[in-house]
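# Per-entry structural report
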Amino acid sequence: MDELSDLPADPAEVDRLNDAADATLMTSMQQAQELALQALNLATRLAYGAGEARARMLRGYGHYYLSEYPEALAAFGQSEALAARLGEVATQTRAVNGQAIILVTQGQYGAG
């Protein structure tokens with residue numbers, strides 16, 4: 001039995017996983033990545049776009065804190081695009097901010 005089949009098939013569970021990932025992002029990047037990945041997989045299975053966009057954004061920050069910049073940029077880009085389509089402004093803004101932080105970290109001032 002896979003890990004997702006043990007989770008309630010409910011958007012509220014996606015939100016709970018995303019909240020937990022967000023809360024642990026600064027203290028345990030690996031745990032946050034695992035929680036966000038669970039949220040992403042469940043959100044995708046449920047076709048819960050807002051949850052998917054937020055999970056992708058959180059994965060982006062996890063990759064950023066682990067210095068995995070190409071992966072972070074990809075996750076932020078996917079999150080931004082989906083959040084924009086759905087009108088999820090807070091998630092879109094955090095994804096754009098993440099992209100900007102990485103570009104500045106890499107010395108790409110004014111890029112993006």
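Residues numbered from 1 in each chain as written. Predicted model: local features only at pLDDT ≥ 70, side-chain atom pairs only at ≥ 80, totals over all residues. Heavy atoms only, no water.

## Remarks on the environment of Leu 82
The cut-off we apply is this: Secondary structure counts use DSSP, requiring at least four H or I residues in a row for a helix and at least two E residues in a row for a strand, with both numbered from the N terminus. Buried means the residue's accessible area, taken with a 1.4 Å probe over protein chains only, is under 20% of the maximum for its type, while exposed means over 50%, and partly exposed covers the values in between. Between two residues, a contact is recorded if the distance between any of their heavy atoms is within 4.5 Å.
Within the secondary structure, Leu 82 sits in helix α4 (residues 69-86). Residue class for Leu 82 comes out buried when judged on its relative accessible area of 10%. In this structure, Leu 82 is in contact with Gly 49, Glu 52 and Ala 53, ignoring residues within four places of it in sequence.

## Some points on the packing of helix α3 (residues 49-65) against helix α5 (residues 89-105)
Rules: Throughout, an axis means a line fitted to C-alpha atoms (over the contacting stretch in the case of helices), and angles, computed between N-to-C directions, take values from 0 to 180 degrees. Convention used here: angles under 35 degrees read as roughly parallel, angles over 145 as roughly antiparallel, angles from 65 to 115 as roughly perpendicular, and any remaining angle as oblique. Each crossing is labelled by how the near helix is turned from the far one, with a counterclockwise turn of less than a right angle marking it left-handed and a clockwise turn marking it right-handed.
Relative orientation of the contacting elements α3 and α5 amounts to 20°, with a least axis distance of 9 Å. With respect to α5, the element α3 is oriented roughly parallel. The two elements α3 and α5 meet at a crossing, and its hand is left-handed. Across the interface between the two elements, Ala 53, Arg 54, Met 57, Leu 58, Tyr 61 and Tyr 64 from α3 touch Thr 91, Arg 94, Ala 95, Asn 97, Gly 98, Ile 101, Ile 102 and Thr 105 from α5.

## Side note on unusual backbone geometry
A positive phi is found at Ala 47, a non-glycine position, where the angle reads about 55°. For Ala 47, the position within the fold is in the loop between α2 (29-46) and α3. Relative accessible area serves as the criterion here: at 69%, Ala 47 is assigned to the exposed category. A positive phi angle, near 60°, is found at Ser 67, a position not held by glycine. Relative to the elements of secondary structure, Ser 67 occurs in the loop between α3 and α4.

## Thoughts on helix α1 (residues 11-24)
For an α-helix the count is 3.6 residues per turn, leaving residues at separations of three or four pointing the same way. Operational definition: A helix is expected to span 1.5 Å multiplied by its residue count minus one. N or O atoms within 3.5 Å of each other form a polar contact, as long as, within protein, one can give a hydrogen and the other can take it, and as long as residues adjacent in sequence are counted only when both atoms are side-chain atoms.
In this model α1 runs 20 Å from its N-terminal to its C-terminal C-alpha over 14 residues, within 8% of the 20 Å that 1.5 Å per residue would give. Looking at the buried residues of α1, the elements they touch are α2 and α3. With a side-chain oxygen lying 2.9 Å from the backbone nitrogen of Ala 12, the N-terminal cap of α1 falls on Asp 10.

## A word on the packing of aromatic side chains
Put simply, the rule is: Ring pairs are drawn from Phe, Tyr and Trp, using the six-membered ring of Trp, whenever the two centres fall within 6.5 Å, and their geometry is named by plane angle: stacked under 30 degrees, edge-to-face over 60, tilted for the rest.
Under the defined criterion, the tally for this structure stands at four aromatic pairs. Relative to Phe 76, the ring of Tyr 61 has its centre 4.8 Å away and its plane inclined at 75°; by these criteria the two rings are edge-to-face. Taken together, the positions of Tyr 61 in helix α3 and Phe 76 in helix α4 put the pair 15 residues apart, joining distant regions of the chain. Look at Phe 76 and you get buried, because its relative accessible area is 0%. Cluster of aromatic residues (ring-pair linked, three or more members): Tyr 61, Tyr 64, Tyr 65, Tyr 69 and Phe 76.

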